[in-house]
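# Close look at the chain arrangement
The residues making up each chain are set out below.
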Amino acid sequence: MHKLPLPSAVLFDLDGTLADTAPDLAFALNETLEHYGRQPLPFEQIRPVVSHGGIALIRLGFGMPPEAPGFEERRQYLLKVYEEHLCRETRLFDGIPEVLDTLDARGIGWGVVTNKPAWLTDPLMQGLDLATRTPAIVSGDTCTHRKPHPEPIVYACRLLQQPTTACWYVGDAGRDMQAGRAAGCHTIGATFGYIYPEDPVEDWDSDININHPEDLLGLLRQATDDG
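Below is a summary of the structure that appears in this document. (Residues numbered from 1 in each chain as written. Predicted model: local features only at pLDDT ≥ 70, side-chain atom pairs only at ≥ 80, totals over all residues. Heavy atoms only, no water.)

## What to know about the overall build of the protein
A tally of regular secondary structure across the protein gives nine helices and eight strands. Whereas a compact globule of 227 residues would reach a radius of gyration of roughly 17 Å, the protein reaches 17 Å, a difference of no more than 12%. Each of the three principal axes of the protein carries a C-alpha extent, and together these read 60 × 35 × 35 Å. Of all 227 residues assigned to the protein, the portion counted as buried reaches 51%. Side chains of the protein carry 18 positive and 33 negative charges; the gap between the two charge centres is 2 Å. (Helix = DSSP H or I, 4+ residues; strand = E, 2+ residues; numbered from the N terminus. Rg over C-alpha atoms; globule rule 2.2 N^0.38 Å. Buried < 20%, exposed > 50% of the residue type's maximum accessible area, 1.4 Å probe, protein only. Lys, Arg positive; Asp, Glu negative; His and termini not counted. Charge placed at Lys NZ, Arg CZ, Asp CG, Glu CD.)

## Notes on the packing of helix H3 (residues 53-62) against helix H4 (residues 71-84)
Contact geometry of H3 with H4 gives a least axis separation of 10 Å together with a crossing angle of 115 degrees. Judged on the interaxial angle alone, H4 and H3 are roughly perpendicular. Crossing hand, H3 versus H4: right-handed. On H4, the residues touching Gly 54, Ile 55, Leu 57, Ile 58, Arg 59 and Phe 62 of H3 are Phe 71, Arg 74, Arg 75 and Leu 78. Per-class residue counts for the contact of H3 with H4 are six nonpolar, one polar and three charged. (Axes fitted to C-alpha atoms, helices over the stretch in contact; angles between N-to-C directions. Parallel < 35°, antiparallel > 145°, perpendicular 65-115°, else oblique. Left-handed = near helix turned anticlockwise from the far one by under 90°. Contact = heavy atoms within 4.5 Å. Nonpolar A, V, L, I, M, F, W, Y, C, P; charged D, E, K, R; others polar.)

## Things to note about the pairing of strand S6 (residues 167-171)
Within S6, five of the five residues are buried, which leaves it mostly tucked inside the rest of the structure. Across the two faces of S6 the burial is the same, with Cys 167, Tyr 169 and Gly 171 and Trp 168 and Val 170 all buried. Across four bridges, strand S1 (residues 9-12) lies against S6 in parallel orientation. Along S6, the bridge assignment pairs Phe 12 with Val 170. Strand direction decides the pairing type here: S6 and strand S7 (residues 186-190), joined by four bridges, are parallel. When the bridges of S7 are listed, Trp 168 appears paired with His 186. Crossover S6 to S7 through helix H8 (residues 174-183) is right-handed. (Pairing = 2+ DSSP bridges. Right-handed = clockwise from strand over helix to strand, strands pointing away.)

Encoded structure:
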C-alpha cells in the first residue's frame, strides 16, 4: 500500500461503492423467484452477487446458465421489477454524502462509471438527487466498451476535463481496478461493497483498499498534507 497524490477528479462505481442498491436488487430477484414458483433467498446470500448484474442474479436464483431456455425471460422479468422499485430502499452508503460534499467544496470533480445501463442508471441517479451534481455519469452502454475496458473511465475524465493520471477510481470489483489501472488512474478498492466470492479482494491489485467511504476523507487529508 502506498500514499496517493491529491486527485483532480474522483470517479466511483455505482452499485456497492457509491450507493447501497442491494436491498432493491434482492427484492427484484425474490419477486422473480416467487413469480416462477421458487422460494425467496436470504438477503445475505444475494448481496455479494448484485454488482454482477441480472445474469449473475438469475444464475444464483435459478441455478441455470444464460443459454438455458427461460433464462432471458426470467432476467427481463427481474429487470422490469427492479426498474419499478429502483429507489425503494436504495441509499447512498453512510459517509458518501460527506465525501461528495468535501469534493465539491475543494473543487475536485467527481463522477460515476458503472456497467449499469443508462435506462437504469439515469433514474437511479435522479432518485438519489445526484443527477445534476456531476457532468460525468457514464453507464454500461454509454461507450462502445464497458468495464473492465478502460474506455468508460477515460471518457468520464474527458467529461470532467481532467487527465486520467490525476484521477482516483473507486470500485468494489476486480474489473473496476482493472479498468482504472488500464486508464492510468490510481485505484481504490471499496471492501465495504459487494464482494463476489469468485472475485476476492486479494486478487484486485488495487493501489489502496478502504473499509468505509469516510476513509476517502483520510486519504484526501493525507494527500493534501503530503502536497
